[in-house]
Amino acid sequence: MIQIEEILDRNNEGIEHISEGRSSAAKGAFRSAIEKLQAFYREQKHSKDTSQSRFIIVEPREISPSLKKDSQSKTHYIYQNALLALIDRSTPEEQGSKHQDCAGLTAILVFNLSIVYHCSIEHSESRSAYEKIIRLYKKAWDALQKDSCKRTKDRPYHDTIALGILNNMGALFHDVAKYRQAQHCFKALKSIVSSKSAGVLALNPDVRNGIILNVLFLDEPTAAIAA
């Protein structure tokens, strides 16, 4: 039977690879974690064992500078943190609502896979390569919408991923000249930033400033946006 720890180990192995610039190895680790999670969910459907209902702590980790140099948008700031996930060993009383139940792992894993693909892309690649990454971000977004944590009052984990997805999808849409979709992403991004939630306040100042610069895209002339 698959254990949650196995899934987190594979995810965190991917984090180690991406922090050291090994993008191919990181992709393999994140894909393996996703496959294990899918098998875990299948097992849980046929099991009455609730012992694996754990809480996790999610911590952003910067990617390697060697990957960052290739992942810059032509015009926008790119969020470049993957998410480390650890079992929370504190008591249920200490956990409160600030940590996320393992049911949210799909969004974490797909988000991390999206990030490593995004940070591996080069500007010379085809439009289809950009659109593949957009599809990955959309899958992470869909998983996030099904995540129970979005219904909690304190949701730093949810907002951290939402900010990363919306920010990076907006930049990618703009790079492939889908200006209206980019504007839609940045409008949703502005709504989260304006909320001043725990997830927003926890951002590194440089990250927060970069995201705010993208939000200002909404206030610029948008004559290039198709009607």
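Structure: above.
Quick look at the structure, then.

Let us look at a positive patch on the surface. Where like charges cluster on the molecular surface, the positive patch consists of R31, K132, R135, K138 and K139. It is helix α6 (residues 127-145) that contributes the most residues to the positive patch, four residues altogether. Relative to the helices and strands, K132 resides in helix α6. On the basis of relative accessibility, which here comes to 39%, the residue K132 falls in the partly exposed class.

This part is about the pattern of salt bridges. Taken as a whole, this structure holds six salt bridges when the rule is applied. One salt bridge in this structure joins E6 and K36, with 3.7 Å as the shortest N-O distance. Here E6, found in helix α1 (residues 4-19), pairs with K36, found in helix α2 (residues 23-45); they are 30 residues apart in sequence, far enough to count as distant. Overall, E6 belongs to the partly exposed group, its relative accessible area being 32%. E131 is paired through a salt bridge with K178; the nearest N and O atoms lie 3.5 Å apart. With a gap of 47 residues between them, E131 in helix α6 and K178 in the loop between α7 (156-175) and α8 (179-195) connect regions that are remote in the sequence. A residue is classified by how much of its surface remains accessible, and K178, at 26% relative accessible area, is partly exposed.

Put simply, α1 and α2 touch, their axes get as near as 8 Å, and they point 165 degrees apart. Looking at the two axes, α1 sits roughly antiparallel to α2. Like other packed secondary-structure pairs, α1 and α2 cross with a definite hand, here left-handed. Residues I4, E6, I7, R10, N11, E13, G14, I15, H17 and I18 of α1 touch α2, and the partners they reach there are A25, A26, G28, A29, F30, S32, A33, K36, L37 and F40. Partitioning the contact of α1 with α2 into residue classes produces eleven nonpolar, five polar and four charged.

Now for the pairing of strand β2 (residues 81-87). As a general feature of sheets, a regular strand has side chains that alternate between the two faces. Of all seven residues in β2, six are buried; the element is thus mostly enclosed. Where strand β1 (residues 55-62) and β2 come together, seven bridges link them in antiparallel fashion. Pairing of E62 across the sheet is with N81, part of β2.

Note on placement: D9 falls in helix α1. Sequence separation between D9 and A85 is 76 residues, and the spatial gap between their C-alpha atoms is 8.6 Å.

What counts, and at which threshold
- Residues numbered from 1 in each chain as written.
- Predicted model: local features only at pLDDT ≥ 70, side-chain atom pairs only at ≥ 80, totals over all residues.
- Heavy atoms only, no water.
- Patch = residues over 30% accessible without salt bridge, like charges linked within 9 Å, V, L, I, M, F, W, Y side chains within 5 Å.
- Areas by Shrake-Rupley, 256 points an atom, 1.4 Å probe, with all protein chains shown as cover.
- Salt bridge = Lys/Arg side-chain N within 4 Å of Asp/Glu carboxyl O.
- Lys, Arg positive; Asp, Glu negative; His and termini not counted.
- Charge placed at Lys NZ, Arg CZ, Asp CG, Glu CD.
- Helix = DSSP H or I, 4+ residues; strand = E, 2+ residues; numbered from the N terminus.
- Buried < 20%, exposed > 50% of the residue type's maximum accessible area, 1.4 Å probe, protein only.
- Axes fitted to C-alpha atoms, helices over the stretch in contact; angles between N-to-C directions.
- Parallel < 35°, antiparallel > 145°, perpendicular 65-115°, else oblique.
- Left-handed = near helix turned anticlockwise from the far one by under 90°.
- Contact = heavy atoms within 4.5 Å.
- Nonpolar A, V, L, I, M, F, W, Y, C, P; charged D, E, K, R; others polar.
- Pairing = 2+ DSSP bridges.

That is the geometry; function is a separate question.
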